[in-house]
Amino acid sequence: MSDVVVDVVSAVLMLVGAGFCLLSGIGLVRFPDTVSRLHAASKAQTLGVLLVVLGAVLQTPAGKAPSLLLIALFSLLTAPVTGHIVARIAYRTDAVERRRVVLDELATRLVDERPAEGRRPDDREPPAPR
Amino acid sequence: MTTVANIALVLVSLAGLLAVGRLAAGPGALDRVVALDALVTLTVVGAVLGTLARSDTTTGYVLVVLSLLGFVGSIASARLIERREDMR
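These numbers come from a predicted model, not from an experiment.

Caption draft 1: Examining the nonpolar core more closely. Membership of the largest hydrophobic core comes to 51 residues, with the highest contact counts inside it found for Cys21(A), Val52(A), Ala8(B), Val12(B), Val48(B) and Leu49(B). When contributions to this core are tallied by element, the ones reaching two or more residues are α1 (2-30), α2 (34-59) and α3 (65-92) of chain A together with α1 (2-25), α2 (29-53) and α3 (62-87) of chain B. Among the elements that make up this core, the one with the highest residue count is α2(B) (13 residues). If we ignore the near neighbours within four places in the chain, the residues touching Val52(A) are Met14(A), Gly17(A), Ala18(A), Ala8(B), Val45(B), Val48(B) and Leu49(B).

Caption draft 2: Structural detail: the UniProt feature "transmembrane region" (unreviewed entry) in chain B. Residue and element names in this part refer to chain B. Following the UniProt record, the feature "transmembrane region" (unreviewed entry) maps to residues 34-53 and 60-81 here. Secondary structure within residues 34-53 divides into 100% helix and 0% strand; the distance between the first and last C-alpha atoms comes to 28 Å. Here residues 60-81 runs as 91% helix and 0% strand, with 33 Å between its end C-alpha atoms.

Caption draft 3: Focus on the UniProt feature "transmembrane region" (unreviewed entry) in chain A. Residue and element names in this part refer to chain A. Taken from the UniProt record, the annotation "transmembrane region" (unreviewed entry) applies to residues 12-32, 44-62 and 68-91. The annotated region residues 44-62 carries 84% helix and 0% strand content, and the separation between its end C-alpha atoms amounts to 25 Å. From the first C-alpha to the last, residues 68-91 spans 34 Å; its make-up is 100% helix and 0% strand.

Caption draft 4: Quick look at the packing of α2(A) against α2(B). Running from N to C, α2(A) and α2(B) point in directions that differ by 15 degrees, and their axes come no closer than 10 Å. As the angle between them shows, α2(A) and α2(B) are arranged roughly parallel. Crossing of α2(A) over α2(B) shows left-handed handedness. Residue-level inspection shows Thr34(A), Arg37(A), Leu38(A), Ala41(A), Ala44(A), Gln45(A), Gly48(A), Val49(A), Val52(A), Val53(A), Ala56(A) and Gln59(A) of α2(A) in contact with α2(B), the latter providing Leu30(B), Asp31(B), Val34(B), Asp37(B), Ala38(B), Thr41(B), Leu42(B), Val44(B), Val45(B), Val48(B), Leu49(B) and Leu52(B).

What counts, and where the lines are drawn
- Residues numbered from 1 in each chain as written.
- Chains lettered and ligands numbered in written order.
- Predicted model: local features only at pLDDT ≥ 70, side-chain atom pairs only at ≥ 80, totals over all residues.
- Core = buried A, V, L, I, M, F, W, Y, C linked by C-beta atoms within 7 Å.
- Buried ≥ 20, exposed ≤ 12 C-beta atoms within 10 Å, placed from the backbone.
- Helix = DSSP H or I, 4+ residues; strand = E, 2+ residues; numbered from the N terminus.
- Contact = placed C-beta atoms within 7 Å.
- UniProt positions renumbered as here; feature names shortened; annotations may be inferred.
- Axes fitted to C-alpha atoms, helices over the stretch in contact; angles between N-to-C directions.
- Parallel < 35°, antiparallel > 145°, perpendicular 65-115°, else oblique.
- Left-handed = near helix turned anticlockwise from the far one by under 90°.

Here it is, written out as structure tokens:
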């Protein structure tokens, strides 16, 4: 009985995870610019990996589970870092389609922090030129 | 469970094909970095599912190394692109 329950739960987890992977693949092809493609790709990197690995852990003997859980842990740790760095570089190299952006708070900040504009004395120092 | 793993494997493979399409089409280098990162992840997911489908547990920690290599590769190529744009 409990075997059947574990099988059904793990099958649902794996199928939903694989479905998320497929959705993120579709998004990767159809979305218009780099940051939105990044948004689609990160679904596979977090939710897809996590669900499939959890479904697989339920089906493997206990001795094999640690390596699978390490995969899930590492992709949860690394996907945000990759996403952050790629999105930052996409913004700075103008790979963002500006007319699709509804609210761009960073642009107004970057304009505010330009040293040529008369800044108030309590403003932060502008970032050092790289 | 083998059947379910095989169905899931088909879905992940389709996603991988789409990622390869984006990798080829591209337009910018950053799009290719994103697609390649997704492709590495999909490879890892597919290998996990393949392990289940064939009840063959030889892969083990190789997949951990592969996902970490994908991470390092994405970061390195993204930084390289940034530096190249700075030189213009």
